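Here is how the chains run, residue by residue.
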Amino acid sequence: MEEFQKELPKLAKDKHPENKKYFAKLKKKPPKDLDYTMQEIHDEEFERTDCLSCANCCKTTGPLFTNADIARISKHFKMKEHRFIAQYLHFDEDDHYVLKSVPCTFLADDNECMIYDVRPKACREYPHTDRKKFYQISDLTLKNVAICPAAYNIVEEMKKRIPK
Ligand code: SF4
Ligand code: SF4
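Rules used in this analysis
Counting of residues starts from 1 at the beginning of each chain's written sequence and follows it residue by residue. Written order determines the labels here, with chains lettered from A and ligands numbered from 1. The predicted origin of the model limits local features to residues at a pLDDT of at least 70 and limits the giving and counting of side-chain atom pairs to 80 or more, whereas totals for whole chains, interfaces and linings rest on all residues. The split of the chain into domains comes from an automatic or database domain assignment. Here a helix means four or more residues in a row that DSSP labels H or I, a strand means two or more in a row labelled E, and each is numbered from the N terminus. Each residue receives a C-beta atom built from its backbone; the residue is near a molecule or strand if that atom lies within 6 Å of it. Lys, Arg, Asp and Glu make up the charged group, whereas Ala, Val, Leu, Ile, Met, Phe, Trp, Tyr, Cys and Pro make up the nonpolar group; the residues left over, Gly among them, are polar. Buried Ala, Val, Leu, Ile, Met, Phe, Trp, Tyr and Cys residues form a nonpolar core when they are connected through C-beta atoms within 7 Å. Exposure is read from a count of other C-beta atoms within 10 Å of each residue's own; the residue is exposed at 12 or fewer, buried at 20 or more and partly exposed in between. C-beta atoms are placed from the backbone. Contact between two residues is assigned when their C-beta atoms, built from the backbone, lie within 7 Å. By this definition, two strands are paired if DSSP reports at least two bridges between them.

Under an unreviewed UniProt entry, the name given to the protein is YkgJ family cysteine cluster protein, and the source organism is Sungkyunkwania multivorans.

Asks: Can you tell me about the domain arrangement of the protein, naming the residues and giving the values?
Replies: Splitting the protein by domain gives domain 1 (23-49 + 126-164) and domain 2 (64-113). Measuring from the centre of the C-alpha atoms in domain 1 to the corresponding centre in domain 2 gives 28 Å.

Asks: A description of unusual backbone geometry should follow, citing residues and the corresponding values.
Replies: Here the amide bond leading from V102 into P103 is cis, since omega sits at -5°, within 30 degrees of zero. Position of P103 relative to the elements: it lies in the loop between β3 (97-99) and α6 (121-125). Following Y126, the chain continues to P127 via a peptide bond in cis, the omega torsion being 5°. Within the element layout of this structure, P127 appears in the loop between α6 and α7 (138-144).

Asks: With reference to specific residues and values, describe the site of ligand 1.
Replies: Around ligand 1 sit T49, C51, C54, A55, N56, C57, Y126, P127, I147, C148, P149 and A150, and that is every residue in its neighbourhood. For the shell around ligand 1, the elements supplying multiple residues, two or more each, are α3 (56-60) and α8 (149-161). Each residue belonging to the shell around ligand 1 can be placed in one class, and the counts come to 10 nonpolar, 2 polar and no charged.

Asks: Would you mind going over the nonpolar core in detail, with residue names and values included?
Replies: Counting residues in hydrophobic clusters, the biggest one holds 23 residues, and the most contacted among them are L89, V145, C148, A151, Y152, I154 and V155. Put simply, the parts of the chain that give this core at least two residues each are α2 (34-48), α3, β3 and α8. Here this core takes 6 residues from α8, the largest share from any one element. Here this core spans two domains, since at least three of its residues come from each of domain 1 (23-49 + 126-164) and domain 2 (64-113). Excluding residues within four positions of it along the chain, L89 makes contact with F65, Y97, V98, L99 and K100.

Asks: Kindly report on the sheet that holds strand β1 (residues 64-65), identifying the contributing residues and their values.
Replies: What the 3 strands build is an open sheet, ordered β1-β3-β2; its pairing is antiparallel. Looking at the sheet topology across the chains shown, the edges are occupied by β1 and β2 (89-91). Across 3 bridges, the pairing between β2 and β3 is antiparallel. Within β3, the residue paired with H90 across the bridge is V98.

The structure is reproduced here in C-alpha cells:
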C-alpha cells in the first residue's frame, strides 16, 4: 500500500487525460444501471482495502465540516461550538469550515480516527465512489484518484466494466 500511495500522484497524472475524456463521455450517456454497478465496484474495492494502512485522505486533505458536524463533534468534546471552531477550524475561500491544518488533528499515530463515531459526514462518505449519479462528481473524482488508492482502482475498474 505504501509504495502504491507514493506512486499515486504520478499514476493519476498520467491517467488524467484518459479519465477526463472517459467521464465526459459517461456524463453524456450514463448507463441505466450505473448506480448499481458503482456500488458493486465500490464494495469489492473496499473489501480489499485496508484504510488503516493508508489514511492518506486524513493526512493530505481535510474534510469540510457542516453545521451538523460541528454540533455533533463539539458535543462529543463537551465544548461550546464557537470554542471548537476557534480551536480546530477556519473558514476557507469557498466559505466552508475546514481544518486549520493537515494531517487531521483527530488522526492518531496508528491511523485510527479519534472521533470515528462522530466524524464529519465528508469523512464517512469519502471517496464518494458509491454516490448516486457518480458522473456528477467527476471533477472531484479526478482529484481524489491522486489521493486515494481505492478511488484510483475504482476508476480503473469502471473503465473496464463500463467501457466508453
Ligand atoms: S479512503 Fe482512500 S485515501 Fe482514505 S484511507 Fe481509505 S484508501 Fe486511503
Ligand atoms: S476526522 Fe477522522 S476520518 Fe476525518 S480526516 Fe480526521 S482523522 Fe480522518
